[in-house]
Amino acid sequence: MFSALFVMALGAVILGAALGYAAVKFRVEGDPLVEKIDSILPQTQCGQCGFPGCRPYAEAIAKGEADINCCPPGGEEGIKKLADLLGREFKPLSGEHGVEKPKSVAVIDENVCIGCTLCLQACPVDAIVGAAKQMHTIVAAQCTGCELCIEPCPVDCIAMLPIAEAVDNWKWKYPVFDIAQRRAA
Amino acid sequence: MTSYLFIVLGAVLVNNVVLVRILGLCPFMGVSKKLETAVGMGAATTFVLTLGCGTSYVIDSWLLIPNDLEYLRTLAFIVTIAAIVQLTELVIQKTSPMLHQVLGIYLPLITTNCAVLGIPLLNISQKHNFVESLLFGFGSSIGFTLALVLFAGLRERLDGADIPKNFRGTAIGFITGGIMSLAFMGFAGLDKYK
Amino acid sequence: MSRRLFKFHGGVKPAYNKESSNHEQIADAPLPAEFVIPLHQSIGGIPRPVVKAGEHVQKGQLIGGPDGSVSSAVHASTSGTVKAVEMRRMPHTSGLSALCVVIEPDGKDEWIGHAPVPWRTMSPGEVRNALRDAGVVGLGGAVFPSHLKVNPGKEGHLDTLVINGAECEPFITCDDMQMRERPDGIIKGAAILRDLTKARQVLIGVEDNKPEAIAAMRAAVERIGAERIDVVAVPTRYPAGGAKQLIRVLTGIEVPHGKRSTDYGVQCFNTGTAHAIYDALELGRPMISRIVTVAGNVERPRNYEVRFGTPMKDVVALCGPKPDTDRLIMGGPMMGFRMPGDEVPVVKATNCILVGSKVLFPPPPPEMPCIRCGECAKACPADLAPFEMYWFSRAKIFGKAQEYHLFDCIECGCCAYVCPSRIPLVDYYRFAKSEIWAREQEKEAADGARERYEFRLAREEREKQEKAARLAAKAAETKAKLAAAAVAGAEDDPKKALIAAAQARAEQQKTAAETKTNAE
């Protein structure tokens, strides 16, 4: 009886000491996983996922507090990439966080703009150029389509225009045809 | 010398841990979606199993048997293996956080992997000496890695194939595993040469 | 002198159908009623228009200025008036429009003043600029700006300059006829390139199904006395005209996946491009036309010298299209692209207009599942595994597709040609490549957005701190003032004195304002 207890206690002490030493020796600071998740997210900083930006969402995913299917601008592609990275199951986009929309940029109707700078302050990537009482304009190349500027505008002069297909961003279509669709057409 | 070779060969092919003894199916199904993670898991298990098998033999022959404590075998082995797994996890987290994140829950689950407890116990029952124990553990884990890598390669292909909707994912994985098991039965003939 | 030639892996031998269009001499296509000259005719940045509607231009005048160094200029194909600078349909499968300069010819066809370029005395950078401003791009089909390829490489000199006269694709005979009728220009162009790249030797590769062209080119080399230039007959096999394939045949060098031939001291130019470089540098003429083969479902297939911007239907009409014509293909039957309509203009990439019909190009049979027979891998001239690329492109697993060197595919069509299941393999690769490019662009945009967002956060932080610092400074100032007042005056409450002083000032200002308003 005592020998049994002694043997087990000995084992526990030795292994415990070894593990304690290892825990100190192999301490890990920081969390590079968050960087990897953040690099997959589309950086629109729109808040549709329920977090105040893409980085907080990435941190929540890394901690396991948030699911991977909350980002509409990232779309199905983004969810697939996150599922691949984290080894989790792929889930379709959760409806409560929004729907996947075609890529658009915001445009200010210059006839209506009053120069109040409210949209300037709302834009998370500083893509709106202007000053108080001066005309505001959106730099289309830098607009991420997050739609955060539409709400603050007091005269409703901002609209979202889908990005048109041009020769330089045209993509070849997927060559597989759905026979049922073809029959219906 | 040849007996050592037979031990290793037997452990890798003839009595493959996953496909013939049907032990350790949890990581076999769970970590084999990608080749890199399968290799990582195989490497981790090799380290744990080889070390575990040797340590278990030492504990059994020097601590338990002289003190008539054979009934504590399972308990003692589990404690040892748990500590080794914890050590492995710490090392992996430090050296490859990517692998650590991808292996996720399966890394600490090596502790409860029936293969990792089963091989030391089987080792004792086969009355090996210390060197043979190490070889047995090493061979079994190489067989485990082999099965995992083959399966991961197959699954990567299956990913893009036209599988009927109800069979996708785990279902086709199990069917494939079963067919691989059938294939490995062919090695049973090697037993004759021992 | 018999030279040792090598074989490239794979390739196919389709029916060549070249006899139809290589009997007649090259004819000049007449000027159409309207030239539609697209600005974007080469890989790289889109040239900016430098003319406006209503302006009169002369033949060879600059109408599109190059945008940056990876870009090439565009010139007016004839003298006339610019009708408009507007969006017109491009000779592109998408059927989308892009900016074009529309010119109405005045019939006089006057050249702008031009003079030979003193390239022997210019610096290499100046020669490159001259070629860029002359609009010289590769006429083999990829339309890569040639000025970027004219450099002697890392070693300071090229080992071998290859001039590509192979013209391996069926139906196309434009290079063949140019070599037969205008070999002097090509050889002189090759000599210029030899000197610009300081090449040790120049090898002109021509497929052996063009014996007249080979004879004419060799005679020209003799006549001009060009040094270190050899015309070599290569075995006819599609696609011997691919750059890496021709380099393998002539020099034996196998350029590995992902590497460039210049890393091995070899550069390749098309014969038409060599002639254009001669025109640009020795005659000072920008590129305004090229030789186009018109073949297929026409009565009189032939080669024409066509000015850029000529609508394709005008050129096709010269050859008598048969009534059951239903499509135009720009390029050959293996690598050509279907045109969205026949009014699209001829551009620098148009080496052939193939007129098609349901009889000539019957609709393809339905695609069947891949049986992994491996015929495509046997036929691939780039040593790739087409079935693997197909598998992963189909499943949209683009990472794995790239691991099989998807971007080394030259889209020659050999794999689809031999596939027993009739799978349109090249369509899958084009789809996968464009998806991967789109994703890379999105990633870049996302990275840029993240930087701007982080900068904005930093800016707000900085403004907050500056504001806090300012307030702190002001508070310190007020404190100092209070302390000074406490020391100077005998007031028991120095703060009250300050407030009283401020109130007095405010009263003063108020009365002053009131008097002012009363006065107005």
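Residues numbered from 1 in each chain as written. Chains lettered and ligands numbered in written order. Predicted model: local features only at pLDDT ≥ 70, side-chain atom pairs only at ≥ 80, totals over all residues.

### Digging into the overall build of chain B
Counting its regular elements, chain B contains 8 helices and 0 strands. Traced from its N-terminal end to its C-terminal end, chain B shows the element sequence α-α-α-α-α-α-α-α. The C-alpha radius of gyration of chain B comes to 17 Å, within 12% of the 16 Å expected for a compact globule of 194 residues. C-alpha extents for chain B along the principal axes are approximately 60 × 45 × 30 Å. Within chain B, the fraction of its 194 residues that count as buried is 42%. Within chain B, residue pairs in contact and separated by at least 24 positions form 80% of the contacts whose partners lie at least 6 positions apart. (Helix = DSSP H or I, 4+ residues; strand = E, 2+ residues; numbered from the N terminus. Rg over C-alpha atoms; globule rule 2.2 N^0.38 Å. Buried ≥ 20, exposed ≤ 12 C-beta atoms within 10 Å, placed from the backbone. Contact = placed C-beta atoms within 7 Å.)

### Brief notes about the overall build of chain C
Summing up its helical and strand segments, chain C has 13 helices and 17 strands in all. Since a compact globule built from 520 residues should have a radius of gyration of about 24 Å, the 33 Å found for chain C marks it as more spread out than a globular shape. Counting all 520 residues of chain C, 43% fall into the buried class. Counting only contacts in chain C whose residues sit at least 6 apart along the sequence, the fraction spanning at least 24 positions is 71%.

### Observations regarding the interface of chain A and chain C
Listed per partner, the contact involves 19 residues of chain A and 21 residues of chain C. Taken together, the residues of the side of chain A that touches chain C sort by class into 10 nonpolar, 5 polar and 4 charged. (Nonpolar A, V, L, I, M, F, W, Y, C, P; charged D, E, K, R; others polar.)

### Comments concerning the packing of helix 3 (residues 183-197) of chain C against helix 4 (residues 211-224) of chain C
Residue and element names in this part refer to chain C. Between helix 3 and helix 4, the shortest axis-to-axis distance is 9 Å and the interhelical angle comes to 60°. The interaxial crossing formed by helix 3 with helix 4 has right-handed handedness. Contacts between helix 3 and helix 4 involve Pro-183, Asp-184, Ile-187 and Lys-188 from the former and Ala-216, Met-217, Ala-220, Val-221 and Ile-224 from the latter. Residue classes in the contact of helix 3 with helix 4 are distributed as 7 nonpolar, no polar and 2 charged. (Axes fitted to C-alpha atoms, helices over the stretch in contact; angles between N-to-C directions. Left-handed = near helix turned anticlockwise from the far one by under 90°.)

### Examining the nonpolar core
Core analysis: the largest hydrophobic core is formed by 121 residues, its most contacted members being Ala190(C), Met217(C), Ile277(C), Val292(C), Val294(C), Ile353(C) and Leu425(C). Taken domain by domain, this core gets at least three of its residues from each of domain 1 (123-285) and domain 2 (364-488) of chain C. If we ignore the near neighbours within four places in the chain, the residues touching Val292(C) are Cys174(C), Asn303(C), Tyr304(C), Val306(C), Val315(C), Val346(C), Thr350(C), Asn351(C), Cys352(C) and Ile353(C). Formed by 47 residues, the second largest nonpolar core is a distinct cluster that contains Ile7(B), Met41(B), Ile59(B) and Phe136(B). (Core = buried A, V, L, I, M, F, W, Y, C linked by C-beta atoms within 7 Å. Domains from an automatic or database assignment.)

### Considerations on the pairing of strand 11 (residues 229-234) of chain C
Residue and element names in this part refer to chain C. Direction of pairing for strand 10 (residues 201-207) relative to strand 11: parallel, over a ladder of 6 bridges. Directly across from Val-206, in strand 11, lies its bridge partner Ala-233. In this fold, strand 10 hands off to helix 4, which returns the chain to strand 11; that crossover is right-handed. (Pairing = 2+ DSSP bridges. Right-handed = clockwise from strand over helix to strand, strands pointing away.)

### Thoughts on the sheet that holds strand 17 (residues 352-357) of chain C
All names here are of chain C. The strand order 1-14-13-17-15-16 describes an open sheet built from 6 strands, whose pairing is mixed. The open sheet is flanked by strand 1 (27-28) and strand 16 (337-338), the only strands paired with a single partner. Bridging between strand 13 (residues 289-296) and strand 14 (residues 302-307) involves 6 bridges; their strand directions are antiparallel. Each residue of the ladder has a partner; that of Arg-290, found in strand 14, is Val-306.

### A short note on helix 6 (residues 271-282) of chain C
For an α-helix the count is 3.6 residues per turn, leaving residues at separations of three or four pointing the same way. Residue and element names in this part refer to chain C. Given a rise of 1.5 Å per residue, 12 residues ought to cover 16 Å, and the 16 Å separating the end C-alpha atoms of helix 6 matches this to within 8%. Counted residue by residue, helix 6 has 11 buried out of 12 residues, so it is predominantly covered. For helix 6, the full list of buried residues reads Thr-271, Gly-272, Thr-273, Ala-274, His-275, Ala-276, Ile-277, Tyr-278, Asp-279, Ala-280 and Leu-281. Structurally, helix 6 contributes buried residues whose contacts are with helix 1 (124-133), strand 9 (160-164), helix 2 (174-181), helix 3, strand 12 (266-270) and strand 13. (Expected span 1.5 Å × (residues − 1).)

### Topic: the domain arrangement of chain C
Residue and element names in this part refer to chain C. Along its sequence, chain C is organised into domain 1 (123-285), domain 2 (364-488) and domain 3 (490-520). Taking only C-alpha atoms into account, the centre of domain 1 sits 36 Å from that of domain 2. With 7 residues of domain 1 at the contact, the number on the domain 2 side is 7 residues. Partitioned by chemical class, the residues of the side of domain 1 that touches domain 2 number 2 nonpolar, 4 polar and 1 charged.

### As for the sheet that holds strand 6 (residues 74-75) of chain C
Residue and element names in this part refer to chain C. Strand order in this open sheet of 3 strands is 3-5-6, and the pairing throughout is antiparallel. Looking at which strands have only one partner, the edges of the open sheet turn out to be strand 3 (48-49) and strand 6. Two strands pair when backbone bridges link them, and strand 5 (residues 62-65) and strand 6 are joined in this way by 2 bridges, in the antiparallel orientation. Bridge pairing in strand 6 places Gly-64 opposite Val-74.

### Considering unusual backbone geometry
Outside of glycine, negative phi angles account for most residues, and trans bonds account for most peptide bonds. All names here are of chain C. The residue after Tyr-238, namely Pro-239, is reached through a cis peptide bond having omega -5°. The residue Pro-239 is located in the loop between strand 11 and helix 5 (243-251) in this model. Positive phi, close to 55°, is recorded for Asp-109, a residue that is not glycine. Relative to the helices and strands, Asp-109 resides in the loop between strand 8 (97-105) and helix 1.

### Here we look at the environment of Ser94(C)
Among the secondary structure elements, Ser94(C) is positioned in the loop between strand 7 (80-89) and strand 8. Considered as a pair, Ser94(C) and Gly189(C) are 95 residues apart in the sequence and their alpha carbons are 35 Å apart. Setting aside residues up to four positions removed in sequence, Ser94(C) forms contacts with Val167(A) and Trp170(A).

### Some thoughts on helix 6 (residues 114-125) of chain B
All names here are of chain B. Between its terminal C-alpha atoms helix 6 stretches 16 Å, which fits the 16 Å expected from 12 residues at 1.5 Å a residue. Listed in full, the buried residues belonging to helix 6 are Ala-115, Val-116, Ile-119, Pro-120, Leu-122, Asn-123 and Ile-124. Where helix 6 is buried, its residues meet helix 3 (35-64), helix 4 (73-95) and helix 7 (130-159).

### A look at the packing of helix 3 of chain B against helix 6 of chain B
Residue and element names in this part refer to chain B. Running from N to C, helix 3 and helix 6 point in directions that differ by 40°, and their axes come no closer than 9 Å. Between helix 3 and helix 6, the interaxial angle falls into the category oblique. Between helix 3 and helix 6 lies a crossing whose hand is right-handed. Mapping the contact onto sequence places Thr-45, Val-48, Leu-49, Gly-52, Cys-53, Ser-56, Tyr-57 and Asp-60 in helix 3 and Val-116, Ile-119, Pro-120, Asn-123 and Ile-124 in helix 6. (Parallel < 35°, antiparallel > 145°, perpendicular 65-115°, else oblique.)

### Focus on the pairing of strand 7 of chain C
A regular strand carries its side chains on alternate faces of the sheet. In the sheet, strand 4 (residues 56-57) of chain C pairs with strand 7 of chain C via 2 bridges, with the strands oriented antiparallel. Counterpart to Val57(C) in the pairing with strand 7 of chain C is Gly80(C).

### Observations regarding the confidence of the model for chain C
Across chain C, the average pLDDT comes to 90, with 98% of residues at or above 70. Here the predicted complex scores 0.82 on pTM and 0.78 on ipTM. (pLDDT = per-residue confidence, 0-100.)

### Points about the environment of Asp67(C)
All names here are of chain C. Inspection of the secondary structure assignment puts Asp-67 in the loop between strand 5 and strand 6. Asp-67 sits in the partly exposed class, given 16 other C-beta atoms within 10 Å. Spatially, the C-alpha atoms of Asp-67 and Asp-133 are 11 Å apart, while their sequence positions differ by 66 residues. Every residue in contact with Asp-67, bar those within four places of it in the chain, is listed here: Gly-45, Ile-46, Pro-47 and Arg-48.

### As for the environment of Arg182(C)
All names here are of chain C. Mapped onto the elements, Arg-182 comes out in the loop between helix 2 and helix 3. Classification of Arg-182 by C-beta neighbours within 10 Å gives partly exposed; the count is 19. Along the backbone, Arg-182 and Ala-213 are 31 residues apart, and their C-alpha atoms lie at a distance of 9.9 Å.

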